[in-house]
Amino acid sequence: MLRLENVSAGYGSFQALFDVSLEVNGGESVAGIGPKGAGKTTLLRVISKLLPASAGTVSMEGRALNGVPSHQVIARGIAQVPENRRLFPKLTVEENLKMGGFLPAARARYAERLEFVYSLFPRMKERRAQAAGTLSGGEQQMCAIGRALMSGPKLLLLDEPSAGLAPVVVQAIFGLIKRICAEGYTVLIVEQNIRQVLKVVDRAYLLETGRIKTSGTSAALLESEEIRKAYLGL
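Described below are features of the structure shown in this document.

1. Quick word on the sheet that holds strand β4 (residues 55-60)
The four strands lie next to each other as β2-β1-β4-β5, forming an open sheet whose pairing is antiparallel. Looking at the sheet topology across the chains shown, the edges are occupied by β2 (14-24) and β5 (63-64). As paired strands, β4 and β5 are joined by two bridges and run antiparallel to one another. Of the residues in β5, the one forming a bridge with S59 is A64. Each of β1 (2-11), β2 and β4 is contacted by helix α1 (residues 40-47), which is oriented at about 115 degrees to β1, the strand it contacts most.

2. Section: the packing of aromatic side chains
This model, assessed by the stated rule, comprises one aromatic pair. The side chain of K98 reaches across the aromatic face of Y110, ending 6.0 Å from its centre. Sitting over the ring of F18, R211 keeps its end group 4.0 Å from the ring centre.

3. Looking at the nonpolar core
Side chains of nonpolar character tend, in soluble globular proteins, to be buried together. Among the nonpolar cores identified, the biggest contains 46 residues, and I33, F121, L149, I180 and I189 are the most heavily contacted of them. Ignoring anything within four residues of it in the chain, the contact list for F121 reads M142, I145, G146, L149, L176 and I180.

4. Description of unusual backbone geometry
Residues other than glycine seldom take positive phi values, yet R85 does so here, at roughly 70 degrees. If you trace the backbone, R85 turns up in the loop between β6 (78-81) and α2 (93-100). Taking the relative accessible area as the measure of exposure, R85 reaches 11% and is therefore buried. Residue R86 is not a glycine yet carries a positive backbone phi of 55 degrees. Checked against the element boundaries, R86 lands in the loop between β6 and α2.

5. Re the sheet that holds strand β9 (residues 203-208)
Reading across from one edge, β6-β7-β8-β3-β9-β10 is the order of the six strands in this open sheet, with mixed pairing throughout. Strand pairing shows two members of the sheet lacking a second neighbour, β6 and β10 (211-217), which therefore form its edges. Neighbour to neighbour, the strand axes of the sheet diverge by 15 degrees on average, direction disregarded. The pairing of β6 with strand β7 (residues 155-159) spans four bridges and is parallel. Bridge pairing in β7 places I78 opposite L155. Contacts from α1 reach β3 (29-33), β6, β7, β8 (186-191) and β9, with the element oriented near 145 degrees to β8.

6. With respect to helix α7 (residues 167-182)
Across its 16 residues, α7 extends 23 Å between first and last C-alpha, which sits within 8% of the 22 Å expected from 1.5 Å per residue. Buried residues of α7: V170, I173, F174, L176, I177, I180 and C181, and no others. Projection of α7 onto a plane perpendicular to its axis shows the buried side chains occupying an angular sector of 155 degrees, all on one side. Facing away from the buried surface of α7 by more than 90 degrees, the exposed residues are V168, Q171 and A182. Buried residues along α7 sit against β3, α4 (110-120), α6 (137-149), β7, β8 and α8 (194-197). The first or second residue beyond α7 is G184, which carries a positive phi of 100 degrees.

Reading guide: rules and limits
- Each chain has its residues counted from 1, running along the sequence as written.
- Local features in this predicted model are restricted to residues whose pLDDT is 70 or higher, and side-chain atom pairs enter the listing and the counts only when it is 80 or higher, whereas totals over whole chains, interfaces and linings include all residues.
- To get the side-chain values, all heavy atoms of the structure are used, and hydrogens and water are removed first.
- Between any two strands, pairing holds if DSSP finds at least two bridges.
- Elements are defined by DSSP. Helices are runs of H or I of four residues or more, strands are runs of E of two residues or more, and each kind is numbered from the N terminus.
- Residues count as neighbours in contact if any of their non-hydrogen atoms are within 4.5 Å of one another.
- Each axis is a line fitted through C-alpha atoms, and for a helix only the stretch in contact is used; angles between axes span 0 to 180 degrees, taken between their N-to-C directions.
- In this analysis, rings of Phe, Tyr and Trp, with Trp reduced to its six-membered ring, are considered paired at centre separations within 6.5 Å, and the interplanar angle assigns stacked below 30 degrees, edge-to-face beyond 60, and tilted for intermediate values.
- Any Lys NZ or Arg CZ that is within 6 Å of a ring centre and within 35 degrees of that ring's normal is treated as a charge sitting over the ring.
- We call a set of buried residues a nonpolar core when its members are Ala, Val, Leu, Ile, Met, Phe, Trp, Tyr or Cys and they connect through side-chain atoms within 4.5 Å of each other.
- Note on exposure labels: buried denotes an accessible area under 20% of the residue type's maximum, exposed denotes more than 50%, and partly exposed covers the range between, all computed with a 1.4 Å probe on protein chains only.
- Expected helix span is taken as 1.5 Å per residue step, with the number of steps being one fewer than the number of residues.
- Here the arc refers to the directions that run from the helix axis out to each C-beta atom.

So far we have only geometry, and geometry alone does not tell us how the molecule works.
This is the structure:
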């Protein structure tokens, strides 16, 4: 479904990604893991066209995205949950969710999509008239994920969903992500919490200083002596 071939990108004179190639197949859940500064968020920004690639090709369902402006990416079936949620704090939960379903195709199925999101996140239904800025961190993350799901995406991008959350809330969020994957969504998630994310996804790519160092199934990476010592403290 998603394919990156020899993608490089950066910010001004600083290069953040070097010849990155990866793919995400339909129905798969894939993670980009690695330490802070490895290029994980930059990777998602390139896919969403928030940052242009300086080299290489990004394609979705066999169609290149290189010339597609960022505001049209969602129409190609890609929705991103940004780091730190980026909700509209003064709008209610339901108004935030409605913002995610603005495409014509999504508007036609608004009631259906809203019911689906509320079935995934019952707490959002309870809080639907509450200002999003007054929610807890975990509730805001649920709202941000729900907003992305309102467009009915083919590919869901999640940028550091555990960032800034208490450990018990992190476990709950990853449990919800696992349920979303079980619903058949194709998911690409970048995350520093390697132990938790490898329990949720099918495969992962390890990024270090903007390059893919290794990749494999989540089970194989969890058993990797190198990753256990370097990232899991084992």
